[in-house]
Amino acid sequence: IDTLETSKTTWFKTKYSDCMELYVDVETVAKYFKSHRSWFYRCAHPMKVEPLGENGYDLLVGKFGSFGYQVEVRIGLELVPPDSAGIYKIRNIKLPNYTSPGYEIKFQSEMRLIEISTDQFCNQKEIQKLGLPPIITGAKWDLDLTVGVKFPKFIQKMPPALIEKTGNNLLLKIVRQVSQYLSYKTQIDFHNTYNLPFPKQRKRS
């Protein structure tokens, strides 16, 4: 049986950017993000979440893999309060009493709240029907993610270029799926929390 302890670490990297629109003013959105203890658990479900300190979470993301090899991904994340420039950061933090089974994660994300015109996402008829404000808030973020995996020897024998391409593609796919899922659930939760209309079909520019 191959042991992971003696295998080298193969690194994969991906960058991902997106913008989540919330149909209200920036101040209301900032208030919501500040109280993340009240909504993060709901929005992360069905992922298992446990609190870590004042702003941290122990997040069990799920099982992922390729080439017949899977790992269960668990990560500690801290939602850092915004700095003087209004930039929110999410960074990985050490999980107490836990050693990951053959992988390392370096997670760095930055988010800022920006004002955007509602008509970038909705037509005028919809804006009037739902009573939407002319200016809404966009939560725009950029993620820089690096993952190191200690593969068993049967995978290390494969061409490095194939491993790299497959790993990077899988990583981007996971990031995109998780990000879009969390964004949509957060949008729904936010608009329900403040009893705000949320357009079902949005026009993207």
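Below, the structure is looked at part by part. (Residues numbered from 1 in each chain as written. Predicted model: local features only at pLDDT ≥ 70, side-chain atom pairs only at ≥ 80, totals over all residues. Heavy atoms only, no water.)

**Considerations on the pattern of salt bridges**
- Taken as a whole and judged by the stated rule, the model has five salt bridges.
- In this structure, D58 engages R74 in a salt bridge whose closest nitrogen and oxygen atoms are separated by 2.5 Å. Of the two residues, D58 is situated in strand β3 (residues 56-66) and R74 in strand β4 (residues 69-80); the sequence distance between them amounts to 16 residues.
- In this structure, E110 engages K89 in a salt bridge whose closest nitrogen and oxygen atoms are separated by 3.9 Å. Pair noted here: E110 is in strand β6 (residues 103-117) and K89 is in strand β5 (residues 87-93), with a separation of 21 residues, a long-range link. (Salt bridge = Lys/Arg side-chain N within 4 Å of Asp/Glu carboxyl O. Helix = DSSP H or I, 4+ residues; strand = E, 2+ residues; numbered from the N terminus.)

**Digging into the nonpolar core**
- Judged by nonpolar contacts, the single largest core of 40 residues is most densely connected at F33, F40, L59, I105 and L145.
- At the level of secondary structure, the elements contributing two or more residues to this core comprise β1 (9-22), α1 (26-34), α2 (40-44), β3, β4, β6, β7 (135-150) and α5 (160-193).
- Not counting residues within four places of it along the chain, the set of residues in contact with L59 comprises F40, A44, M47, K48, V49, V73, R74, I75 and L77.
- Judged by nonpolar contacts, the second largest core, of eight residues, contains I116, F121, C122 and I127. (Core = buried A, V, L, I, M, F, W, Y, C linked by side-chain atoms within 4.5 Å. Buried < 20%, exposed > 50% of the residue type's maximum accessible area, 1.4 Å probe, protein only. Contact = heavy atoms within 4.5 Å.)

**Description of the pairing of strand β2 (residues 48-52)**
- Inspection of the sheet shows β2 paired to β3 by five bridges, in the antiparallel sense. Paired with V49 across the two strands is L59, which belongs to β3.
- What sits between β2 and β3 in their antiparallel hairpin is a turn of three residues, with G53 showing a positive phi close to 65°. (Pairing = 2+ DSSP bridges.)

**With respect to the packing of aromatic side chains**
- On inspection of all chains with the given rule, the structure shows 12 aromatic pairs.
- Centre to centre, the rings of Y32 and W39 are 4.7 Å apart; their planes meet at 10°, and the pair counts as stacked.
- Each member of the aromatic cluster is reached from another via a ring pair, and the members are Y32, F33, W39, F40, Y41, Y57, Y88, F190 and Y194.
- The ring of Y98 has R74 lying over it, and the distance from NZ or CZ to the ring centre is 4.3 Å.
- Stacked on the ring of W11, the Lys or Arg K106 has its end atom at 4.8 Å from the ring centre. (Phe/Tyr/Trp six-rings, centres within 6.5 Å; stacked < 30°, edge-to-face > 60°. Lys NZ or Arg CZ within 6 Å of the ring centre and 35° of its normal.)

**Examining the sheet that holds β5**
- Across the sheet, seven strands lie side by side as β1-β7-β6-β5-β4-β3-β2; this open sheet has antiparallel pairing. Edge positions in the open sheet fall to β1 and β2, since each of these has one partner strand only. Strand-to-strand twist of the sheet, defined as the mean angle between neighbouring strand axes without regard to direction, takes the value 25°.
- The sheet contact formed by β5 and β6 spans five bridges and is antiparallel. When the bridges of β6 are listed, K89 appears paired with E110.
- Strands β1, β5, β6 and β7 of the sheet are contacted by α1, whose axis makes an angle of about 155° with β6.
- Here α5 sits on the sheet and contacts β1, β3 and β7; the angle it forms with β1, its principal contact strand, is near 25°. (Axes fitted to C-alpha atoms, helices over the stretch in contact; angles between N-to-C directions.)

**Points about the pairing of β4**
- With nine of 12 residues buried, β4 lies mostly within the body of the structure.
- Bridge analysis of β3 against β4 gives 10 bridges, and the strand direction is antiparallel. Along β4, the bridge assignment pairs G56 with E78.
- Alignment of β4 against β5, held across five bridges, turns out to be antiparallel. Bridge pairing in β5 links L77 to N92.
- The turn joining β4 and β5, which pair antiparallel and follow one another in sequence, is formed by six residues; a positive phi near 80° is taken by G86.

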